[in-house]
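Given next are the chains, with one letter for each unit.
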Amino acid sequence: MTSSSPESEPAPGPGAGSVPVAPRPGALRCRPIEETDLDTVVGLLAAGFPERTQAYWRDGLTRHVARGVPDGVPRYGYLLDHDGVAVGVLLTLYTRIADATGSHLRCNLSSWYVDPKFRAAATLLDGRAMQDKSVTYLNISASVHTRAIHEARGFRAFVRGQLLAVPSLSRPQRGQRVELFSEGHAGILSPRERGLALDHAGYGSLVLVCRDATTARAVVLQPHRIKAVPRWSASPTLACYQIVFAPEPDTLAAWLGAIGRYLLLRHGVLFVMLDANGPLPGVVGRYLHGREPRYARGPHPVPIGDLSYTERVLFGA
């Protein structure tokens, strides 16, 4: 996983690599995060992910709850409590999905951090969070050293890598139009894409409408940066967009030429990163196998290219 997005497992901290001290029996409990815990949660996350400021976490949590949380699920996630002191946190970002299979819940497990002294009890958090077998759980930012653990716990990679594309080099098709989303487009999008476009425009994402004579589809992009020289720690970075919501890969591939020209002319951005399981026909770019795989566990398959309402959007890159 890159350093630009929140980890989904305990982050290294002081004493990482040492043998965790077992807490006293009966002293630990896992409980839902309450409104009164938010200052504590922000402090824990800032300690676990020192590259992020407290404002980063507060802003993301504010965006999360402002959109409304489905009934009957934790509003924020879970705390690991030791004798009244919070020593661990796991955020649960729930979304209700309405698709061809009906209505169901999807949960992005995000920003899992436990004080190193209590690391041995870290699985209490995700064990509590994943009790509902009707929910599909996502982990979109698993570090390399935890991927085998996630697979052993029932997660499967539905995205195995990233495609770094130069979409402006792809050939656009006749009659394609790419426009910045506005409320005037609401009537030509499906109900789900209309609501998703309105929400994500409100979060500050770049929302485009791809339309031709017969169809109109929403594509949502998040500002991102990539290293110009990947293996050099001091490498300068280049502006990029990560696609966080798009139609199925074959449909998206047919639109990337038009999207690429829009991004180049309107924003001066040449590169786009998108979830993929291999190269896409007609798309100029490089497939990076093993980079930022996405994992899911649960009864409802997650479409490739759908990171809507996840940490990538709510907290940013």
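Here, the structure is the one placed above.
About the criteria used
- Residues numbered from 1 in each chain as written.
- Predicted model: local features only at pLDDT ≥ 70, side-chain atom pairs only at ≥ 80, totals over all residues.
- Heavy atoms only, no water.
- Helix = DSSP H or I, 4+ residues; strand = E, 2+ residues; numbered from the N terminus.
- Buried < 20%, exposed > 50% of the residue type's maximum accessible area, 1.4 Å probe, protein only.
- Contact = heavy atoms within 4.5 Å.
- Areas by Shrake-Rupley, 256 points an atom, 1.4 Å probe, with all protein chains shown as cover.
- Pairing = 2+ DSSP bridges.
- Expected span 1.5 Å × (residues − 1).
- Bend = angle between axes of the 7 residues up to and from the residue.
- Disulfide = S-S within 2.5 Å.
- Phe/Tyr/Trp six-rings, centres within 6.5 Å; stacked < 30°, edge-to-face > 60°.

Peer 1: Looking at this model, I keep getting lost on the overall build of the chain. Mind explaining?
Peer 2: Tallying secondary structure elements over the chain gives 7 helices and 12 strands in all. A principal-axis box enclosing the C-alpha atoms of the chain has dimensions of 70 × 45 × 35 Å. Looking at the 317 residues of the chain, the share that counts as buried comes to 53%. Summarising the internal contacts of the chain: among those between residues at least 6 apart in sequence, 73% fall at separations of at least 24. Summed over all atoms, the accessible surface of the chain reaches about 14400 Å², with 55% contributed by carbon and sulfur.

Peer 1: Help me out: how do you make sense of the pairing of strand β2 (residues 77-82) in this one?
Peer 2: Looking along a regular strand, one sees the side chains alternate between the two faces of the sheet. The element β2 is largely enclosed, with a buried count of 6 among its 6 residues. Pairing analysis gives 5 bridges linking strand β1 (residues 28-32) to β2, with the strands arranged antiparallel. By the bridge assignment, P32 is partnered in β2 with Y78. One ladder, built from 6 bridges, connects β2 with strand β3 (residues 85-99); its direction is antiparallel. Note that in β3 the partner of G77 across the bridge is L91. A loop of 2 residues connects β2 with β3, the two strands running antiparallel in sequence, and D83 in this loop sits at a positive phi of about 50 degrees.

Peer 1: Just to check I follow, could you spell out helix α6 (residues 249-267) for this structure?
Peer 2: The periodicity of an α-helix, 3.6 residues per turn, causes residues three or four places apart in sequence to face the same way. Over its 19 residues, α6 runs only 23 Å from end to end, short of the ideal 27 Å by more than 12%, given 1.5 Å per residue. Along α6, the sharpest kink reaches roughly 45 degrees, centred on W255. Three or more residues of α6 are buried, namely L252, A253, W255, L256, G257, A258, I259, G260, Y262 and L263. Where α6 terminates, the next one or two residues include G268, which has phi positive at roughly 65 degrees.

Peer 1: Would you take a moment to explain the state of the cysteines for this structure?
Peer 2: By definition, a disulfide links two cysteine residues through a covalent bond between their sulfur atoms. Evaluated as defined, the whole model comprises 0 disulfides. Here C30 is not cross-linked by a disulfide; its sulfur's nearest cysteine counterpart is in C107, at 13 Å. The exposure class of C30 is buried, given its relative accessible area of 17%. With no disulfide partner, C240 has as its closest neighbouring cysteine sulfur the one in C210, 17 Å distant. Residue C240 is classed as buried on the basis of its relative accessible area of 3%.

Peer 1: Where do I start with the packing of aromatic side chains in this structure?
Peer 2: To describe a pair of aromatic rings, you give the distance between the ring centres and the angle between the ring planes. In total, this model carries 5 aromatic pairs according to the counting rule given. Here the aromatic rings of Y56 and W57 are separated by 5.0 Å at their centres, their planes lie at 85 degrees, and the arrangement is edge-to-face. Just as Y56 is buried, W57 falls in that class too.

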